[in-house]
Amino acid sequence: CCYLGNQGCRNFSTSQRRPYIMKAWQLREYGSNKNFRFTDNAPMPPIMYPNQIIVQVCAASVNPLDVMMREGYGAAMLNRQRDPTGVLPFMDPNVNELPLVLGRDCSGIVMETGLNVKEYKPGEEVWVAVNPYKMGTHAEFVVVTNSEISHKPRSLTHVQAASIPYSGLTAWASLVTQGGLNEKTAKGKRVLILGGSGGVGTFAVQLLKAWGAHVTTTCSRDAIPMLTSLGADDIVNYQAQDVREHLKRLNKFDLILDGVGGEAEKYLFSTDYLKPWAGAKYVTLRTPLLKNADSLGFTDGLLKSGMSLAGNAVKGLASGIHYRWGFFTPDGMALDKIAALVDQGKIRPVIDRVFTFDQLPAAYDKVEQGHARGKTVISVA
Ligand code: NDP
């Protein structure tokens, strides 16, 4: 259905009977792709609260987080969100741990709505990004709350639309919520994006250019034409150039968005690269929060993460720069704003490869191999 709009997707109306089972890729235990099981009789996810909506998935993206969660990454923290008391079995089938359905976003069609949902009606085209502790979108249907959903951009097919919500909202949370940029404040600001060629980077470059910022980004050589076409002003080939020396020769930045992590943070989080005493921020997406909880347990992991964040924040404050963690955050209102930018032609989907639903393990392989050039998407319906 997805290249051609929603033809072929079942467009449920209130008069049609609700199915009781659905197709899904389930994970019965954490591990490799071998642990995925395709089923065509997974239970249909129910509406448990009046603000929930059942969405029929037409297309969904695959993200590095899905690959990591397949291996058990984040289970300690996510299980605490699934059940904050830590003692009860999971009571809500939409927040079960195993069997787990992965997938954090989708483009699809509203099938059924809870009694308190006024803004969405069955049959409407929507895009969603789902909180990681919930059942995901690599299935025929997903249940979301009305804060995780927005009307899909009219100008995009479902496959195109599915490439944006998770990465787009991660960039939004990092640049807007943590970075303090918006359409009014971003104009003329100098922003460095480490890792411009992937899902988050390709979206972040476009959002910043739409708002008039000056964008420098790092990538491999073959991604330079793509990033040039997205509007990046300065592009540093990190494989051929000494990034550290090259960036030192440029004017200092107002914001650095780090989607790469590792050594870069050690030298870039410094007044050699960020403007001191001007509100400049270093926002990293490579946080140790979930990993610490997995290895040390929820409480000790949280403590260690808090100390690491506070240590960097204090170190930065002494020289007038700020250190922040960026996290994907489901946000229907931000999706509304992104949809408007897409329909105005200011942001376009960047798709690396499309797989069919039955090829889902191959899509995970593709994402696992790295070197993303935009997004990997699966067409579901
Ligand atoms: P992708 O896999 O889509 O893209 C990563 C990109 O980084 C690839 O294009 C890769 O291409 C490039 N890259 C790798 N090493 C370098 C380097 N040293 N310098 C410049 N570019 C590099 O990932 P996403 O865009 O989806 O996510 C980016 C990062 O953010 C990931 O690590 C992800 O786990 C994290 N993330 C964190 C979230 C959070 O809530 N904290 C949410 C979403 C993502 P190539 O190797 O060819 O250079």
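Residues numbered from 1 in each chain as written. Predicted model: local features only at pLDDT ≥ 70, side-chain atom pairs only at ≥ 80, totals over all residues. Heavy atoms only, no water.

**Overview of the overall build of the protein**
Then, number 1: Scanning the protein from terminus to terminus reveals 12 helices and 15 strands.
Then, number 2: The C-alpha radius of gyration computed for the protein amounts to 21 Å, which stays within 12% of the reference 21 Å derived for 381 residues, consistent with globular compactness.
Then, number 3: The principal-axis extents of the C-alpha atoms in the protein amount to approximately 65 × 45 × 40 Å.
Then, number 4: When the 381 residues of the protein are sorted by exposure, 53% land in the buried category.
Then, number 5: A sequence separation of at least 24 residues applies to 73% of the contacts in the protein between residues at least 6 apart.
Then, number 6: When the accessible surface of the protein is totalled, it reaches about 16600 Å², and 53% of it is carbon and sulfur. (Helix = DSSP H or I, 4+ residues; strand = E, 2+ residues; numbered from the N terminus. Rg over C-alpha atoms; globule rule 2.2 N^0.38 Å. Buried < 20%, exposed > 50% of the residue type's maximum accessible area, 1.4 Å probe, protein only. Contact = heavy atoms within 4.5 Å. Areas by Shrake-Rupley, 256 points an atom, 1.4 Å probe, with all protein chains shown as cover.)

**Observations concerning the site of the ligand**
Then, number 1: Neighbouring the ligand are 21 residues; Ser197, Ser220, Tyr238, Phe328 and Ala372 lie closest to it.
Then, number 2: Between the ligand and Phe328 there is a distance of 2.8 Å, counted from an oxygen atom to a backbone nitrogen or oxygen.
Then, number 3: Protein contact buries 82% of the 910 Å² of open area that the ligand shows by itself.
Then, number 4: When residues of the shell around the ligand are traced back to their parent elements, those giving at least two are helix H4 (165–178) and helix H5 (199–210).
Then, number 5: Of the residues belonging to the shell around the ligand, the class tally is nine nonpolar, 10 polar and two charged. (Near = heavy atom within 4 Å. Polar contact = N/O pair within 3.5 Å; in protein donor to acceptor, adjacent residues only side chain to side chain. Nonpolar A, V, L, I, M, F, W, Y, C, P; charged D, E, K, R; others polar.)

**A short note on the packing of aromatic side chains**
Then, number 1: Per the stated rule, a full pass over the model turns up 11 aromatic pairs.
Then, number 2: On the basis of an interplanar angle of 70 degrees and a centroid distance of 4.8 Å, the ring pair of Phe36 and Tyr364 is categorised as edge-to-face. Remark: Tyr364 occurs in helix H12 (residues 360–368) and Phe36 occurs in strand S2 (residues 36–43); sequence separation between them is 328 residues. The same class applies to Phe36 and to Tyr364, which are both buried.
Then, number 3: Ring-pair connections join several aromatic residues into one group, and the members of that group are Trp25, Phe36, Phe38, Phe357 and Tyr364. (Phe/Tyr/Trp six-rings, centres within 6.5 Å; stacked < 30°, edge-to-face > 60°.)

**Digging into helix H10 (residues 298–318)**
Each turn of an α-helix holds 3.6 residues, which means side chains three or four residues apart point in the same direction.
Then, number 1: The first and last C-alpha atoms of H10 sit 30 Å apart over 21 residues, in line with the 30 Å expected at 1.5 Å per residue.
Then, number 2: In the core, the buried residues of H10 are packed alongside helix H8 (263–268), helix H9 (289–296) and strand S13 (322–325).
Then, number 3: Phi for Gly320, located one or two positions after H10, is positive at around 80 degrees. (Expected span 1.5 Å × (residues − 1).)

**Let's talk about the sheet that holds strand S11 (residues 255–258)**
Then, number 1: Spatially, the six strands line up as an open sheet ordered S10-S9-S8-S11-S12-S13, and their pairing is parallel. Each edge of the open sheet carries a strand with a single partner, namely strand S10 (234–237) and S13. Shown here is a sheet whose adjacent strand axes are inclined to one another by a mean of 15 degrees, direction ignored.
Then, number 2: Where S11 lies against strand S12 (residues 281–284), four bridges are found, and the strand directions are parallel. Directly across from Asp258, in S12, lies its bridge partner Thr284.
Then, number 3: The strands touched by H5 are strand S8 (190–194), strand S9 (214–219) and S11; relative to S8, the strand with the most contacts, the crossing angle is about 170 degrees. (Pairing = 2+ DSSP bridges. Axes fitted to C-alpha atoms, helices over the stretch in contact; angles between N-to-C directions.)

In short, shape yes, function no, at least from these values alone.
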